[in-house]
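# Reading the structure
The chain contents come next:
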Amino acid sequence: MKNKIILYLLAIVFIGNSCQDSILDREPLDKIAESAVFTSAPLVNANLNSLYANTYFKYHGGGYVYEFMREMLLGGEARDRGDWYGQANYVDHQLMTSSDDGIVSLWQYSHIRNINEFIEKLSASENVSGMDDDLKAIRIAEARFLRAFTYFEMVKRYGGVPLITEAQDIPESETDSTLYVSRNSEQEIYDFIDAETEAIIQILPDASTMGNGRVNKYAVYAFRSRAMLYAGSIAKYGEVQLNGLLGIPSAEAQSYYQKSYDASKEIANGGYALYNAESDKATNYQMLFLDEDNVEVIFAEKFNGLDKKGHNFSKFAWPGTETRVTWGAEVMVYLEVALDYDYIDGRSGQDDRSLLESDQLVDFDELWKDKDPRFHASVIYPGAMFAGYPIYCHDGTYVDGVLNTQQELVGEYNGFEWFAKSPWSRFQDRTCLTIKKFLNEPLGTQVKDNEDDVDKIIYRYGEVLLNQAEAAYELNKPGEALAALNQIRERAGMPALETVTFDDIVHERDVELMFEDHKYWDYRRWRIAEEKLSEKRGGMKVYFDWDTKKYEVNVVDDSDRRIRYFGSQHYYMPIKISRISNNPNLAPENPGY
């Protein structure tokens, strides 16, 4: 299980002539000698568990909602309800400076050192009780995956970073320069990931020997599919800077796309497929993220919610109804996200804006009933049902033409009491739309602290098909790209495309992977973030008309705390002056900082 694991081990004390021994010679009773860790399979596995626990697959910890939605915010998908979280300011990337690398920074060299030590010490251990050579090789391969994954997370942020594959010795003096490593180029990091994943795949089994939540060879294929796609994009759409420290030559793009394409094609051999357990398309997409270990999930962080071994996403995001027990309604979805979802008859969702901005009253159920089923599985809008209750966000109700903005009972509507102003005031702020995706609606009630047991999917077959479609498109295989996209659309209940363009690929990734922490990084690697991540994100204020049972809609053009801005320098985050001061060999700083 992917949770921080603390082992409390009781030492066995042999009583004999120990009274004659110096007490200072005894091992501590609550510690395991380092020399013993790599002689026992349970201790090796516990050590590896801790490495999994400290690998940042997803942001999901902490007591604030932004620990869960940093990339949703930066990618223009959702924001928090309140205005008191300083992280909301970082939609303006100008706040990233030589002293601040933002809210999704990741410089994990302590973790890299721990992984390198694990690899070296287990490799050097000749007799590990309960572990044969094949199993030992598998554990080392898992650690190599975690190291490669961590380098991927750093290279997509900073470009070239130091590539350290051996545990560095403690220097004998402050003037010892052995720790002052230089940055490798961005291409060298991607080539390391390429070589490592290719080697690891040959070692790992088809299914994990430790059960779900640990990587098998198909998880590495999925990682390779994603990482090589990023490298191809950097080569095609980026530019080489700092004498090759940043960027990849454009001539290399096709090679990386081919590697991504080949890895994507391999994954179907592992028995993975699109989830199709439910007949209703919206319910099917919703349950994809709740029906754990289903046929689409290749690798996920595991949670069980027992004894607080869970996370807090549902606590923060659960909408306000009688099923809410604390806080909640924190993840507010931007109106632009709702408009991104098209209709099952092929109409563009963008066409809704003119209606919402007009004086015409709106019945959201009627307006959006034929939207992409993924919308109904992902977003809650005014009047939508959730866990048996309607979700309201109206600021007032017109009764006989007079606006009432008090929380007073007006009457009954659709079997529920109707108050002039929604009693769930948290919903009236910001956008009047909130997230549904990932919430365990069948549970029927909001969870409390650290009791959310919904797994966090890291790799799924849906993403792999989208990677395959993009790589095929870039390799001039439009027929294969179209076929892969249409598999996704058919599962969703959307009409098949007849041709494919790059914009089709962007749109399908936006919608299929909404809220899954892809959009921010996709826009960066395609080098379209200057446009996409500088656009305003809005919402709605709504008032209910009691006579017609429809809403008056007031579109809010900008629902952010600060004006969004993404400049050309922000495709790479700053190394930071503090790191360069500690290690001058990290210079030069990335351009623009």
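Small disclaimer: the values here were computed from a predicted structure and weren't measured. (Residues numbered from 1 in each chain as written. Predicted model: local features only at pLDDT ≥ 70, side-chain atom pairs only at ≥ 80, totals over all residues. Heavy atoms only, no water.)

If you tally the helices and strands in the protein chain, you get 20 helices and 14 strands. Put simply, the protein chain has 593 residues, and 55% of those count as buried. Carbon and sulfur atoms make up 47% of the accessible area of the protein chain, which totals about 24800 Å². (Helix = DSSP H or I, 4+ residues; strand = E, 2+ residues; numbered from the N terminus. Buried < 20%, exposed > 50% of the residue type's maximum accessible area, 1.4 Å probe, protein only. Areas by Shrake-Rupley, 256 points an atom, 1.4 Å probe, with all protein chains shown as cover.)

If you walk across this open sheet you meet the four strands as β8-β7-β13-β14, and the pairing is mixed. The sheet is open, and its two edges are formed by β8 (402–404) and β14 (550–556), each paired on a single side. The sheet shows a mean angle of 30 degrees between the axes of neighbouring strands, taken without regard to direction. In this sheet, β14 lies alongside strand β13 (residues 539–545) in antiparallel orientation, the contact comprising seven bridges. Counterpart to Tyr-543 in the pairing with β14 is Glu-552. (Pairing = 2+ DSSP bridges. Axes fitted to C-alpha atoms, helices over the stretch in contact; angles between N-to-C directions.)

Moving on, we get to the environment of Tyr-158. Inspection of the secondary structure puts Tyr-158 in helix α5 (residues 133–158). The class for Tyr-158 is buried, based on a relative accessible area of 0%. Residues contacting Tyr-158, with those up to four places away along its chain left out, are Asp-101, Ser-105, Leu-106, Trp-107, Arg-183, Leu-246, Tyr-572, Met-573, Pro-574, Ile-575, Arg-579 and Asn-590. Within the structure, Tyr-158 has its side chain in polar contact with the side chain of Asp-101 (distance 2.7 Å). (Contact = heavy atoms within 4.5 Å. Polar contact = N/O pair within 3.5 Å; in protein donor to acceptor, adjacent residues only side chain to side chain.)

Further remarks concern empty space enclosed by the protein. With the rule as written, the count across this model stands at six cavities of 30 Å³ or more. Considered as a void within the structure, the largest cavity measures approximately 250 Å³ in volume. Lining the largest cavity are 22 residues, and of these Phe-57, Lys-58, Arg-226, Glu-516 and Asp-517 sit closest to its centre. Of the residues assigned to the lining of the largest cavity, the class counts are eleven nonpolar, one polar and ten charged. Each pocket or cavity is described by its volume, and for the second largest cavity that value is around 210 Å³. If you trace the second largest cavity, you find 16 residues lining it, with Lys-58, Phe-438, Lys-456, Ile-457 and Phe-515 closest to the centre. When contributions to the lining of the second largest cavity are tallied by element, the ones reaching two or more residues are α3 (66–74) and β12 (456–460). Its residues assigned to classes, the lining of the second largest cavity comprises nine nonpolar, one polar and six charged. (1 Å grid on protein atoms, 1.4 Å probe; cavity = no way out; pocket = protein on both sides within 12 Å on 5 of 7 lines; lining within 4 Å. Points joined across faces, edges and corners; volume = space filled by probe spheres on them. Nonpolar A, V, L, I, M, F, W, Y, C, P; charged D, E, K, R; others polar.)

Taking 1.5 Å as the rise per residue, helix α4 (residues 109–124) with 16 residues should run 22 Å; its terminal C-alpha atoms sit 22 Å apart, in good agreement. Within the sequence span of α4, burial applies to Tyr-109, His-111, Ile-112, Ile-115, Asn-116, Phe-118, Ile-119 and Leu-122. Against α2 (41–53) and α5 lie the buried residues of α4. (Expected span 1.5 Å × (residues − 1).)

Moving on, we come to the side chain of Asp-522. Tracing the sequence through the fold places Asp-522 in helix α18 (residues 519–525). In this structure the side chain of Asp-522 is engaged in a polar contact, spanning 3.0 Å, whose partner is the side chain of Arg-525. Once you skip the residues sitting within four places of it in the chain, Asp-522 turns out to touch Tyr-230 and Arg-509.

What follows covers unusual backbone geometry. Across residues other than glycine, the phi torsion is negative in most instances, and most of the peptide bonds are trans. For the peptide bond that leads from Ala-587 to Pro-588, omega is 5 degrees, which places it in the cis range. Mapping Pro-588 onto the fold places it in the segment after α20 (577–582). The phi dihedral of Asp-517 falls on the positive side, at around 70 degrees, and the residue is not glycine. Judged by its relative accessible area of 14%, Asp-517 falls in the buried class. We note that Lys-549 has phi near 60 degrees; this positive angle belongs to a residue other than glycine. Position of Lys-549 among the secondary structure elements: in the loop between β13 and β14. With a relative accessible area of 23%, Lys-549 lands in the partly exposed category.

Our next topic: the state of the cysteines. Taken as a whole and judged by the stated rule, the model has one disulfide. The disulfide bridge from Cys-393 ends at Cys-432, spanning 1.6 Å between sulfur atoms. Negative torsions about the S-S bond denote left-handed disulfides, and the value of about 90 degrees found for Cys-393 with Cys-432 makes this one right-handed. With Cys-393 in the loop between β6 (389–390) and β7 (397–399) and Cys-432 in the loop between β10 (416–419) and β11 (434–435), this pair connects stretches of sequence that are 39 residues apart. (Disulfide = S-S within 2.5 Å.)

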